[in-house]
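Coordinates in review
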Amino acid sequence: MKKYDYLIVGAGLFGATFAYEAKKRGKSCLVIDKRDHIGGNIYCESVEGINVHKYGAHIFHTSSKEIWEYVNTFAEFNNYINAPVAIYKDELYNLPFNMNTFSKMWGIKTPSEARTIIDAQIKELNITEPKNLEEQALSLVGTDVYEKLIKGYTEKQWQRDCRDLPSFIIKRLPLRFTYDNNYFNDRYQGIPIGGYNQIIEKMLDGVDVWLSTDFFELENREELAQKIVFTGQIDRYFDYKLGILEYRSVRFENEVLDCENYQGNAVVNYTEREVPYTRVIEHKHFEFGKQPKTVISREYSSEWKMGDEPYYPVNNDRNNSLYEEYKALADNTPNVIFGGRLGQYKYYDMDKVIISALDTVKKEFNE
Ligand code: FAD
Ligand code: UDP
């Protein structure tokens, strides 16, 4: 007799949502994680009384009322709205690209003045069908915004020329002709008051959890449960036998500063090429903190190599088709469910991960 119904590999949002829902349905679960804490990449570490988003800034946003209500059963959310600013040399602009940005850039006031300037710049470029990120960005916002706010940042972020990047990357940024600095278009947005850990803690309440436990080093791993839910790297599960899926990684340089307010905003992007980091996060502003000290993280985008933390899947043609081959293997692996951003090699926002976990639950329990 196997001890558990499910062995869930990964105590991140996908694994925890699945465990919570399976337990609700009377199933027994064991959750393991190779890290020494639960939460996966949404984990927060308390430093000087500030919730530091250890694996990168996380802002919850969704258009789904159902998902918003679901997460609110695990934590109370504040009314934080993400409104980053961008620094280019000695100039400061609001993001995303909106009337505040255009007014500062050209000294204009009205949407029609902004449109006229952008249209004139676009017309000169003569781009009919954008073939890459550079052409896509230029044909959306014109030369000035591209040169000051997109080119340097994007090339730092991806360590590739903008002409060698796919256009869809830039399409997720809003472009507005209103004075609205909200970085997201979603209806619901906020940060859990007290940080993200409580969500995972509540989801895993009453579930057995083994930390600092790597699935691949676990003896009798196939004997522990009837089924496995695997949220680690799919290529690793199959021993990389078809090849290695590539990622981008990020290095965080954290600093505690002896001042109450360092940059006046949670997120400040540095868009010129010469500044080596992409952005600086001041964590306390996510929760309107008033602590006497502050914690900042400078983010350096880095090339991923085996053993590094995999952050962003590189969804180019090569990796996408390799993933499809691994998925075919996964589909033929009975009793293992692959989920989450590593198991499905997909850039998933938090709301999408929860949606995907809930869909998996429905399928698994024939609902
Ligand atoms: P993860 O959180 O990665 O969890 C997987 C877990 O599996 C990890 O804890 C890992 O240690 C464990 N694991 C892996 N292999 C093994 C193994 N062999 N044995 C045991 N355990 C293993 N989303 C938003 O909605 N808003 C944001 O602002 C946002 N910002 C982000 C910023 C960054 C830098 C990144 C990288 C992501 C961001 N996201 C954001 C996305 C968000 O992090 C994910 O949607 C979410 O964390 C995915 O949950 P998951 O459970 O799929 O994966
Ligand atoms: N981007 C940019 N300038 C900025 C912010 C973003 O050019 O100041 C571009 C960049 O190409 C980036 C993309 O927009 O990869 C998506 O930005 P987002 O903030 O969504 O990036 P992520 O949250 O994935 O780091």
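Nothing here was measured: the structure is a model prediction, and the numbers come from that model. Residue indices begin from 1 for each chain and proceed along its sequence in written order. As they are written, the chains are lettered A onward and the ligands numbered 1 onward, keeping that order. Predicted model: local features are reported for residues with pLDDT of at least 70 only, side-chain atom pairs are reported and counted for 80 or more only, and whole-chain, interface and lining totals are derived from all residues. Side-chain numbers come from the whole structure's heavy atoms, not from hydrogens or water.

Quick word on the site of ligand 1
- Any residue with a heavy atom positioned within 4 Å of a molecule or strand is treated as near that molecule or strand. Taken together, 30 residues lie near ligand 1, and Asp33, His58, Ile59, Tyr348 and Met350 sit nearest.
- A distance of 3.1 Å is found between a nitrogen atom of ligand 1 and a backbone nitrogen or oxygen belonging to Lys34.
- Polar contacts, as counted here, are pairs of nitrogen or oxygen atoms within 3.5 Å of one another; within protein the pair requires one atom able to donate a hydrogen and one able to accept it, and residues that are adjacent in sequence qualify only if both atoms are side-chain atoms. Note that an oxygen atom of ligand 1 is positioned 2.7 Å from one of the backbone N or O atoms of Met350.
- All accessibility values rest on the Shrake-Rupley procedure with a 1.4 Å probe; residue burial counts only the protein chains present in the view. Protein contacts shield 96% of the accessible area of ligand 1, which totals 1,000 Å² for the unbound molecule.
- Those elements giving two or more residues to the shell around ligand 1 turn out to be helix 1 (13–24), helix 10 (340–343) and helix 11 (350–364).
- Grouping the constituent residues of the shell around ligand 1 by class yields 15 nonpolar, nine polar and six charged. Secondary structure elements are taken from DSSP: a helix is a run of H or I of four residues or more, a strand is a run of E of two residues or more, and numbering for both begins at the N terminus. The residue classification treats Ala, Val, Leu, Ile, Met, Phe, Trp, Tyr, Cys and Pro as nonpolar and Asp, Glu, Lys and Arg as charged. All others, Gly included, are polar.

Topic: the side chain of Gln198
- Among the secondary structure elements, Gln198 is positioned in helix 7 (residues 197–203).
- A polar side-chain atom of Gln198 sits 2.8 Å from the main-chain carbonyl oxygen of Ile193.
- Residue contacts are counted whenever heavy atoms from the two residues lie within 4.5 Å of one another. Ignoring sequence-local partners within four residues, the contact set of Gln198 consists of Phe74, Ala75, Pro192 and Ile193.

A look at the site of ligand 2
- In the neighbourhood of ligand 2, 15 residues make up the surrounding shell, with Leu149, Thr154, Arg172, Tyr183 and Asn269 lying closest.
- A distance of 2.6 Å separates an oxygen atom of ligand 2 from a polar atom in the side chain of Tyr183.
- Coverage of ligand 2 by the protein amounts to 93% of the 520 Å² it exposes when considered alone.
- For the shell around ligand 2, the elements supplying multiple residues, two or more each, are helix 5 (133–158) and helix 6 (168–171).
- The element best represented in the shell around ligand 2 is helix 5, accounting for six residues.
- In terms of residue class, the shell around ligand 2 is made up of 10 nonpolar, four polar and one charged.

Examining the pattern of salt bridges
- Salt bridge criterion: a side-chain nitrogen from Lys or Arg within 4 Å of a carboxyl oxygen from Asp or Glu. Enumeration according to the criterion identifies 24 salt bridges in this entry.
- One salt bridge connects Glu21 with Lys24, and the closest N-O pair in it is separated by 3.3 Å. Residue Glu21 and its partner Lys24 are both found in helix 1; the two are separated by three residues, about one turn of the helix.
- Throughout this description, buried means an accessible area under 20% of the type-specific maximum (1.4 Å probe, protein chains only), exposed means over 50%, and partly exposed covers the range between. Take Glu21: its relative accessible area is 4%, and that puts it in the buried class.
- Note on Lys24: relative accessible area 54%, which makes it exposed.

Here's the deal with the packing of aromatic side chains
- Only Phe, Tyr and Trp rings take part, Trp by its six-membered ring, and two of them pair if their centres are within 6.5 Å. Stacked means planes under 30 degrees apart, edge-to-face means over 60, and tilted covers everything else. Following the criterion strictly, the structure yields 32 aromatic pairs and no others.
- Taking 5.0 Å as the distance between ring centres and 55 degrees as the angle between the ring planes, the aromatic pair formed by Trp68 and Phe77 counts as tilted.
- Overall, the relative accessible area of 10% leaves Phe77 in the buried class.
- Between Phe252 and Tyr311, the aromatic rings sit 5.9 Å apart at their centres with planes inclined by 90 degrees, giving edge-to-face as the arrangement. You can see Phe252 sitting in strand 11 (residues 247–257) and its partner Tyr311 sitting in the loop between strand 14 (294–303) and strand 15 (312–313), a full 59 residues away along the chain.
- An aromatic cluster of three or more residues is present, and its members are Phe215, Phe216, Phe230, Tyr237, Phe238, Tyr326 and Phe338.
- Should the NZ of a Lys or the CZ of an Arg lie within 6 Å of a ring centre and within 35 degrees of the ring normal, that charge is described as sitting over the ring. Of note, Lys104 hangs over the ring of Tyr93, and the distance from its end group to the ring centre comes to 5.7 Å.

Quick look at helix 3 (residues 99–106)
- Those residues of helix 3 not exposed but buried are Met99, Thr101, Phe102, Met105 and Trp106. Looking straight down helix 3, one finds its buried side chains confined to an arc of 155 degrees; they lie on one side.
- Its side-chain oxygen 2.9 Å from the backbone nitrogen of Asn100, Asn98 forms the N-cap of helix 3.
- With its phi angle positive at about 65 degrees, Gly107 sits one or two positions after the end of helix 3. As used here, the arc is the angular range of directions from the helix axis to the C-beta atoms.

Structural notes on the packing of helix 2 (residues 65–72) against helix 11
- With their axes 10 Å apart at the nearest point, helix 2 and helix 11 run at an angle of 90 degrees to one another. Viewed along their axes, helix 2 and helix 11 adopt a mutual orientation that is roughly perpendicular. Only Asp351, Ile354, Ile355 and Leu358 of helix 11 make contact with helix 2, whose side of the interface consists of Ile67, Tyr70 and Val71.
- Among the residues forming the contact of helix 2 with helix 11, the class breakdown is six nonpolar, no polar and one charged. With axes taken as lines fitted to C-alpha atoms, and helix axes fitted only over the stretch in contact, angles between N-to-C directions fall between 0 and 180 degrees. Relative orientations are named as follows: roughly parallel for angles under 35 degrees, roughly antiparallel for angles over 145 degrees, roughly perpendicular for angles from 65 to 115 degrees, and oblique for any other angle.

Examining the side chain of Asn82
- By the secondary structure assignment, Asn82 is in the loop between helix 2 and strand 6 (85–88).
- Residue Asn82 is classed as buried on the basis of its relative accessible area, which comes to 4%.
- Residues contacting Asn82, with those up to four places away along its chain left out, are Ile59, Asn181, Asn182, Tyr183, Phe184, Gln189 and Val267.

Topic: the nonpolar core
- Counting residues in hydrophobic clusters, the biggest one holds 74 residues, and the most contacted among them are Phe60, Phe102, Val145, Ile150 and Phe286.
- A total of nine residues in this core trace back to one element, the largest contributor, which is helix 5.
- Among all residues touching Ile150, those that are not within four sequence positions of it are Phe97, Leu133, Ala137, Val141, Val145 and Ile170.
- Here, nonpolar core means buried Ala, Val, Leu, Ile, Met, Phe, Trp, Tyr and Cys residues that are tied together by side-chain atoms lying within 4.5 Å of each other. Counting 26 residues, the second-largest nonpolar core is a separate cluster that includes Phe215, Ile228, Leu342 and Tyr345.

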